[in-house]
Amino acid sequence: MIKHSRSNRHARGFTLVELLVVLAILGLLAGLVGPQVMKFLGSSKTKTAALQIEDLSATLDLYRLEVGRYPNTTEGLKALVSDPGNEPNWNGPYLKKATVPKDPWGNEYQYRAPGQNGPFDIWSLGADGQEGGEGEDKDLRSWESA
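Keep in mind that what you see is a predicted model, and the values were worked out from it rather than measured.

(A) Broad picture of a nonpolar patch on the surface. A contiguous nonpolar surface patch, about 1100 Å² in accessible area, is contributed by L16, V17, L20, V21, V22, L23, I25, L26, L29, L32 and V33. Along the chain, V22 falls in helix α2 (residues 16-67). Residue class for V22 comes out partly exposed when judged on its relative accessible area of 46%.

See the structure below:
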C-alpha cells in the first residue's frame, strides 16, 4: 500500500493566483484577437454577397438563353425558381435549391430589368439594408466590381 504524503495532495491542484493569471492572459488574447476575427467575418459576408450576385447573373444569362429574355422587374428573381407564366421554353428551376437566396445579412437581393446599368441590375443593400453606406454597410452591385 502506497501512502501519499500531505504535500503531494496539495501539489496536484492550481492556486487561485495561477488561475487568475491564466484568466488575465485569456482576456488579453480575446481583446486583441476578437476585433480581428470580427473584421474577417464582416469581409467574408461581403465576399459571399459578391459571389452570389455573380452566380445570379450567370443564372439569369442561362434563363435568357432558354426563354429568350430576362425576367422583368415584376417577375423578379423568382422567375428563376418558378415559371412566371406562359413561357414555353422555361426549363427551371434554374437554382439548385429551388429558392432565391437572401444576401448574407438576411435581406432580399434587389433586381431591376431592364437595368439602368445593363440588361439587368442586381444589388444588395449591405448589412444595414439601406442605400449607401461604407464597410459592411456598403451596397454591392452587379455592375461594379467588388
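The structure having been displayed, the exposition proceeds.
(B) Quick peek at the pairing of strand β2 (residues 121-124). Residues D121 and W123 line one face of β2 and the alternating positions I122 and S124 line the opposite face, and both faces are buried. Two elements, strand β1 (residues 110-112) and β2, share 3 bridges in a ladder whose sense is antiparallel. Bridge pairing links Y111 to I122 in β2. Of the strand pairs in this sheet, β2 and strand β3 (residues 140-141) are connected by 2 bridges, and their pairing is antiparallel. Residue pairing in the sheet places S124 in a bridge with L140 of β3.

(C) Quick peek at the packing of aromatic side chains. Overall, the coordinates contain 5 aromatic pairs when judged by the stated rule. With centroids separated by 6.0 Å and ring planes inclined at 70 degrees, the aromatic side chains of W123 and W143 adopt a geometry described as edge-to-face. Taken together, the residues span a long stretch of sequence, with W123 in strand β2 and W143 in the segment after β3 at a distance of 20 residues. Exposure remark for W123: the relative accessible area of 11% places this residue in the buried category.

(D) Local environment of the nonpolar core. In terms of nonpolar packing, the biggest core is built from 21 residues, with L60, L77, L80, Y111 and I122 touching the most fellow members. By residue number, the principal contributor to this core is α2, which donates 6 residues. Apart from residues no more than four positions distant in its own chain, L80 is found in contact with L56, T59, L60, Y63, W90, P93, Y94 and L95.

(E) Just unusual backbone geometry, in detail. Residue P93 is bonded to the preceding G92 through a cis peptide linkage, with omega at 5 degrees. Of note, P93 is situated in the loop between α2 and β1. For the peptide bond that leads from A113 to P114, omega is 0 degrees, which places it in the cis range. Structurally, P114 can be placed in the loop between β1 and β2. The phi angle at A98 is positive, at roughly 60 degrees, despite the residue not being glycine. Looking at the secondary structure, you find A98 in the loop between α2 and β1.

(F) Spotlight on the sheet that holds β2. Here 3 strands make up an open sheet; going across it, the order is β1-β2-β3 and the pairing antiparallel. Two strands bound the open sheet, and with one partner strand each, they are β1 and β3.

(G) Representation of the pattern of salt bridges within the structure. Applying the stated criterion to the full structure yields 6 salt bridges. Among the salt bridges present, the one from R69 reaches E75, with a minimum N-O distance of 2.9 Å. According to the relative accessible area criterion, R69 is partly exposed, its value standing at 28%. Here R141 and D139 are joined by a salt bridge, their closest N and O atoms 3.5 Å apart. Overall, the relative accessible area of 26% leaves R141 in the partly exposed class. Salt bridges linked by common partners bring R69, E75 and E87 together as one network.

Conventions adopted
- Residues numbered from 1 in each chain as written.
- Predicted model: local features only at pLDDT ≥ 70, side-chain atom pairs only at ≥ 80, totals over all residues.
- Heavy atoms only, no water.
- Patch = residues over 30% accessible without salt bridge, like charges linked within 9 Å, V, L, I, M, F, W, Y side chains within 5 Å.
- Areas by Shrake-Rupley, 256 points an atom, 1.4 Å probe, with all protein chains shown as cover.
- Salt bridge = Lys/Arg side-chain N within 4 Å of Asp/Glu carboxyl O.
- Helix = DSSP H or I, 4+ residues; strand = E, 2+ residues; numbered from the N terminus.
- Buried < 20%, exposed > 50% of the residue type's maximum accessible area, 1.4 Å probe, protein only.
- Pairing = 2+ DSSP bridges.
- Phe/Tyr/Trp six-rings, centres within 6.5 Å; stacked < 30°, edge-to-face > 60°.
- Core = buried A, V, L, I, M, F, W, Y, C linked by side-chain atoms within 4.5 Å.
- Contact = heavy atoms within 4.5 Å.

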